[in-house]
Amino acid sequence: MNKNFHTNNISLYEHLANKEPSTDVITNCLLLISTPRSGSTYFSSVLNASKQLGITNEWFNPQQIMAFCDFFGIKQDQFDLQEYVKFIVSRSSSQGWFSCKMHINHWLYWSERGVDLMDMQWNHVFYLKRKNKIKQAVSLARARKTNAWRAYDSPMAEDTSTFTDILESLSWLYEHEKIYENHLQSYCSRSFVYEDFAFENSQDIFKEFSRIVGTTCKPNPLNNTKRQESINPKNCKVNHFIDWLSQ
């Protein structure tokens, strides 16, 4: 279990439980599809800062649902997905917007249990991707070892990732991108690229997002982002990994 993620989500559900349920009719449902280490948390943070699109979160991440069950004292075998959806929609929505981000492996998890999350009435579906798959794989391998998935997470262990770990992460990313192309791409109206939106001067990207979804909100890129891949340049293994591949 990712203790950072679990603790943060326990706090999130406590916050939601103390909110009055919204009585607004949900007219827009936003879904961001991604793979880990593609900037989806940053993208969601920018949207959340606008306070107009609801709370964009990994609502269908199995670990997130585990935190929900722990907070409310629900046994895993008694979890009711429909009741859960009612809860998160009524407590996390804003001005008629419900927003969610979903990694491809979350879609697979529920598909294997007979639930297709794409059957929900999503009005806007976007794909967040990263061009540099090797940097993404290095970041993913590190996160898997340290259990620190966001820049503000405290590492639970040292980064002991090897070139083999990076290669496995790279293969996993390409495998899930192929799943996206075969099963999810047809739902998406637009892709947003990490290398475009997660760096400076990305204001135009979020202006375009607002135009596409037809909202008056103007998400502003956050200035204090810290990308995990470059937290410690001494630990950056990208170039060495490329040399290792060429041997």
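Look up a bit, the structure's there.
Quick caveat: nothing in here was measured; it's all calculated off a predicted structure.

**Student:** When you look at the overall build of the protein in this model, what are you seeing that I'm missing?
**Tutor:** Per the secondary structure count, the protein includes ten helices and four strands. Element order for the protein, N to C, with α for helix and β for strand: α-β-α-α-α-β-α-β-α-α-β-α-α-α. Summarising its shape, the C-alpha atoms of the protein cover approximately 60 × 45 × 35 Å along the three principal directions. The 247 residues of the protein split such that 49% are buried. Here the contacts in the protein between residues at least 6 apart in sequence split such that 80% fall between residues at least 24 apart.

**Student:** How should I be thinking about the sheet that holds strand β4 (residues 190–193) in this particular structure?
**Tutor:** Spatially, four strands are ordered β2-β1-β3-β4 in an open sheet, and the strand pairing comes out parallel. This sheet does not close on itself; its edge strands, each paired only once, are β2 (97–103) and β4. Mean inter-strand twist for the sheet, computed between neighbouring axes without regard to direction, equals 25°. When strand β1 (residues 28–34) meets β2, the two strands line up parallel, connected through seven bridges. Residue pairing in the sheet places C29 in a bridge with F98 of β2.

**Student:** Explain the packing of aromatic side chains to me, please; I cannot follow it from the model alone.
**Tutor:** Aromatic ring pairs are reported here in terms of the distance separating the ring centres and the angle at which the planes meet. One pass over the structure, following the stated rule, counts 24 aromatic pairs. Note on F43 and F209: the rings are 5.8 Å apart at their centroids and 80° apart in plane angle, and the pair reads as edge-to-face. Note that F43 is positioned in helix α2 (residues 40–50) and F209 in helix α9 (residues 203–213), a separation of 166 residues in sequence. Through a chain of ring-to-ring contacts, three or more aromatic side chains come together here, namely Y13, W59, F60, F68, F71, F72, F79, Y84 and F87. Here the guanidinium or amino end of R130 rests over the ring plane of Y194, the centre of that ring lying 4.2 Å away.

**Student:** Got a minute to help me understand the packing of helix α6 (residues 133–146) against helix α7 (residues 163–184) in this structure?
**Tutor:** Helix-helix packing is characterised by the crossing angle of the two axes and by the distance between the axes. Between α6 and α7, whose axes approach to 8 Å, the crossing angle comes to 115°. Relative to α7, the element α6 lies roughly perpendicular. In this structure, α6 meets α7 at a crossing whose hand is right-handed. Here K133, I134, Q136, A137, V138, L140, A141, R144 and K145 of α6 come into contact with α7, specifically with D165, I166, S169, L170, W172, L173, Y174 and E177.

**Student:** Please clarify how the pairing of strand β3 (residues 124–129) should be interpreted in this entry.
**Tutor:** A regular strand places its side chains so that they alternate between the two faces of the sheet. With respect to burial, β3 is a largely interior element, five of its six residues being buried. In the sheet, β1 pairs with β3 via five bridges, with the strands oriented parallel. In the strand pairing of β3, L30 is matched with H124. Pairing analysis gives four bridges linking β3 to β4, with the strands arranged parallel. From the neighbouring strand, F126 faces β4, where its bridge partner is R190.

**Student:** What's the story with unusual backbone geometry in this structure? I'm lost.
**Tutor:** Peptide bonds are, in most cases, trans, and in most cases residues other than glycine have a negative phi. Notably, R37 is not glycine yet its phi reads approximately 70°, a positive angle. Relative to the assigned elements, R37 resides in the loop between β1 and α2. You will see that Q95, though not glycine, has its phi angle at about 50°, which is positive. Looking at the secondary structure, you find Q95 in the loop between α4 (81–92) and β2.

Definitions and limits used
Residues numbered from 1 in each chain as written. Predicted model: local features only at pLDDT ≥ 70, side-chain atom pairs only at ≥ 80, totals over all residues. Heavy atoms only, no water. Helix = DSSP H or I, 4+ residues; strand = E, 2+ residues; numbered from the N terminus. Buried < 20%, exposed > 50% of the residue type's maximum accessible area, 1.4 Å probe, protein only. Contact = heavy atoms within 4.5 Å. Pairing = 2+ DSSP bridges. Axes fitted to C-alpha atoms, helices over the stretch in contact; angles between N-to-C directions. Phe/Tyr/Trp six-rings, centres within 6.5 Å; stacked < 30°, edge-to-face > 60°. Lys NZ or Arg CZ within 6 Å of the ring centre and 35° of its normal. Parallel < 35°, antiparallel > 145°, perpendicular 65-115°, else oblique. Left-handed = near helix turned anticlockwise from the far one by under 90°.

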